[in-house]
Structure formats: C-alpha cells, structure tokens
Amino acid sequence: MIPPQFDYVRPADVGETLRILKEREGEAKVLAGGYSLIPLLRYRLASPALLVDIRDVSGLDQIAEVDGELRIGARVTHHQIETDPIIASRYPILADAAPTIGDPQVRNWGTMGGSIAHADPAADWPAVLIATHGSIVVESADGRRVIPAREFFIDTFVTAIEPAELLTEVRIPAPRGRSGGAYASIERKAGDFATAGAAVQLRLDDDGRIAAAGIGLTAVAETQFAATHAERMLIGTQPGHELFEDAGREAAAQSRPVADNHGPVEYKRAMAAAMVERALHRATERAREA
Amino acid sequence: MDKQHIRLTVNGQAMEADVEPRLLLVHLLRDVFGLTGTHIGCDSSHCGACTVLLDGRSVKSCTVLAVSADGASLGTIEGMAEGGKLHPLQQAFWDQHGLQCGFCTPGMIMQASWLLEQNPDPTEQEIREGIAGNLCRCTGYVNIVKAIQQAAGELAAEPAEPAAAS
C-alpha cells in the first residue's frame, strides 16, 4: 500500500529539529530508519501531516562511554550496536539482543532510538533498558529530560515522549564489580518479533550472592515491564537452578500476555519463565567471570 | 504536499527526479527510473526481494522513502554486471543453480554482496544468518548458500574492486 500524503523536511541539526517539532506540535512525526514508521503509514495506522527525517542531524550516531554510562545516540543502528567493540566486550546484554532484531537489512537501517520511540510491546530494546536501569534522553525547544526506562514505556505504542520532544540518546549504566547481563528470546521463525523475551542484569557480592538484579520482559504484556517480584526474591540469595526456576515462574506470574498467532496465554507464560531462567543462568556465568 | 527534487547516484550514474515525499524508494527505482530488476515481493519489509544498497548498506527499498535517499548512492542488481560480464555472484547463482523462479534472486544477490563486503570469508552459518531477511520459496536455500560460497572464493582470489554502491 501507498502511504498517505505528508510533507517532508530534513533538518541539519538538533536545534532546527526541535524548532520544527514545536512549530508543528502534534502534526509531525520523527523519521529515523523508518522500519516501524513507514509500515504504520502504509497501513494507514498513522497519518502525520509532516515527517521530520533526522538522517542529516549530526551528533546522534555515536556510541561512547561517558561518566560511567554507555551513551547511544538516537540514530545508532542495530547493526552498529551488533558490531561495536565496546559493546562486545562490556555490554553482553546488548550484544545478545542486537542480532535477534529483525533481519540484517532491518538492522542496517533501523535504529535503537526509533525502536524505543515506537514502543512495540514485542521490541527487544525496551526490556534491556529496563533490566539495566537505563534512561532515555528527550529534548524539546524548552529543555531536556532524562527519563528512567522504568517510567518511559507506558502502554502499547505509548511512551513518555511528548509531541514536541525528540529522543536524542539512550543511556545505560556501565557495569561495575562482578556484573553480568544476558538477553534470551524465542521467535517462531527467523526475523520474527519475539514470542517472549527476557533481559537480565545481575551484580554479585564478594560471597557470590546476588546484590542487584534487573529483569525486563518482552512481548508478554501491553508493554515491556520490570519483573519486580522476581527481582526482589533474588536479592541476597546464592544463584542456583531451583532459585532461577522459581524466579522464572514469579516473573511469568507478573506477565499479562494475550493469545495471538504466537500462541496461547499459557504457552507465552511458560516461555517467559523459560527465558528468564535462561537469561539468569547466562548473566550469572558472565558475572562470575567479570 | 509539493513534489521535492532529489538527486542521487544509482550504480555510479547521477540521476534526479521530482517526487512526492510519500514515494517509496522501490517505486522510484522501478516506476521513475525504469530499473525493474529490483523486485517487489511482500511489499511489507519481510521478503527482501527489494533489497538494494543504500550508501553501502543493504536495505529493503519498499520501506525507505525515496526522499530519504536524496544525496545518497544506490546500488541495484543492474549495476552488478560489468561490460557484459556477470558479477561473480551472478555467475555463481547460475553455476550452482541458486534460483528456480528467480523472483528473489536480485534481492539475494544484493544482500549477498553486502554480506561479502562485511565478511569476505563467511561460514555456512554466517551466510544463512546473512540472508535471513531474504525469502526464497523454491530452492530450499541449499544452492543459494553454495552460490554465495562459490562467489566468496572467487572474490577472494580476485584483486580488490571498488564496491558496487560506495
């Protein structure tokens, strides 16, 4: 299908983008890679009067560690994350998740910022940001906000971004001490959205007990969410098979999946539990090696 | 909703057009420039038949706006053969019977060219993952993988050539 008509602009920098978003508040949508937005236009699920393409906006395509945080510009592609040396060596949770997104062409052009702003409940990045206690930087002509990931994803396709705001950066705290992260997901076929996915970030204390635990779940609720009950039961305990099985069950109990062509509710809960368990084991191994 | 003037390089040749912002890149190639080698399969970014190189990166041209390609360099299947001689990938698809109906082939070859640019000596698994965004409904992929392996070997043996789209 052909998208509805719209106007198109390609500003050169963040300032110009923010001016346009303010002038055309509520009428404009930001275009990055477009692999989420263009299908919405084609299926006529969205019909903005203006597309603001941030392809030329400078300074949004960098990955860097600054002040104890990993900072990922809004226009960084999934492929950049997949092949970044800092991420490969220090952020295995991101390195796990990147290759599970879409297919190579989607990862070549699609961006992390776009995926997060679109907030599909089956997208992989939101759970990773929730598990790591990451945050999302949004800017408008009136200023800048840094929003914790746990307050950012509100509902299906609904985030805390206001219409005149631009998502400019994603921040993930640098791992410290004996930390390890992992992302596990299951999909029906290559390139499909996840049926269920779990992101886990753990920190162990000197005795090998779990000192901090973050768990984010993909595709088993109206939006990605923190499995807070499971997180709480892990703190202060020794990692182990039974504990992780219980934590998986606890996380699944907190999920709210709906039956669709990926499977019935019981199946999705079972897969959520299995993915949590799998990610907990992998994160623990990595934390022990850290 | 005025038309916008765009200029881009397609297979090394400067091209321009006046386009509506909603025109999709694949329609620019096929309907405006007459380059019908790039196919439209699913029309929803799943099948990969419309894969082209955009500034050296393989993308699904059914899900990119033509205006977004303003100023960019594009590579399509029409740019692969040189002077009447098939590109090693094209020759390998022929030799290995890497196609039956041929509908997916232009997208497969463009994706394979990106893959070999990234990774000149891929394993079978890396080839299969590299073409995960390209669907073939005839071959079962076995001969496609063989074709890409053959081309990888030949390209490695050849002196370096400039990339198709950069």
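Residues numbered from 1 in each chain as written. Chains lettered and ligands numbered in written order. Predicted model: local features only at pLDDT ≥ 70, side-chain atom pairs only at ≥ 80, totals over all residues.

S.K.: What's the story with the overall build of chain A in this structure? I'm lost.
M.R.: Secondary structure summary: chain A contains twelve helices and 14 strands in total. The C-alpha radius of gyration computed for chain A amounts to 19 Å, which stays within 12% of the reference 19 Å derived for 290 residues, consistent with globular compactness. Going through the 290 residues of chain A one by one, you find that 54% of them count as buried. Put simply, 67% of the contacts in chain A that link residues at least 6 apart link residues at least 24 apart. (Helix = DSSP H or I, 4+ residues; strand = E, 2+ residues; numbered from the N terminus. Rg over C-alpha atoms; globule rule 2.2 N^0.38 Å. Buried ≥ 20, exposed ≤ 12 C-beta atoms within 10 Å, placed from the backbone. Contact = placed C-beta atoms within 7 Å.)

S.K.: Quick question: what am I supposed to make of the overall build of chain B here?
M.R.: Helix and strand counts for chain B stand at five helices and five strands. Going from N to C terminus, chain B has its helices and strands arranged as β-β-α-β-β-β-α-α-α-α. In summary, chain B has a C-alpha radius of gyration of 16 Å against a globular reference of 15 Å for 166 residues, a match within 12%. Seen through its C-alpha atoms, chain B measures out along the principal axes to roughly 50 × 35 × 25 Å. Per-residue burial over chain B gives 49% buried out of 166 residues.

S.K.: I keep staring at the domain arrangement of chain B and nothing clicks. Help me out?
M.R.: You'll often see interface size given as the accessible area lost when the parts meet. All names here are of chain B. The domains assigned to chain B are domain 1 (4–79) and domain 2 (88–156). Placing a centre on the C-alpha atoms of domain 1 and another on those of domain 2 gives a separation of 21 Å. Where the side of domain 1 that touches domain 2 is concerned, the elements lending two or more residues are β3 (51–54) and β4 (57–60). No other element matches β3, which puts three residues into the side of domain 1 that touches domain 2. Looking at the side of domain 1 that touches domain 2, its residues break down into six nonpolar, eight polar and one charged. (Domains from an automatic or database assignment. Nonpolar A, V, L, I, M, F, W, Y, C, P; charged D, E, K, R; others polar.)

S.K.: Explain the confidence of the model for chain B to me, please; I cannot follow it from the model alone.
M.R.: Atom-level detail of predicted coordinates should not be read off regions where pLDDT is low. For chain B, the average pLDDT comes to 95, and 95% of its residues sit at 70 or higher. The ipTM, which scores confidence in the relative placement of chains, is 0.93 for this predicted complex, and the corresponding pTM is 0.95. (pLDDT = per-residue confidence, 0-100.)

S.K.: Even after reading the chapter, I still don't get the interface of chain A and chain B, so can you show me in this structure?
M.R.: Of the residues lining the interface, 22 residues belong to chain A; the matching set on chain B comes to 22 residues. Put simply, the parts of the chain that give the side of chain A that touches chain B at least two residues each are β1 (7–9), α2 (37–42), β3 (50–53) and α6 (104–109) of chain A. Partitioning the side of chain A that touches chain B into residue classes produces 13 nonpolar, five polar and four charged.

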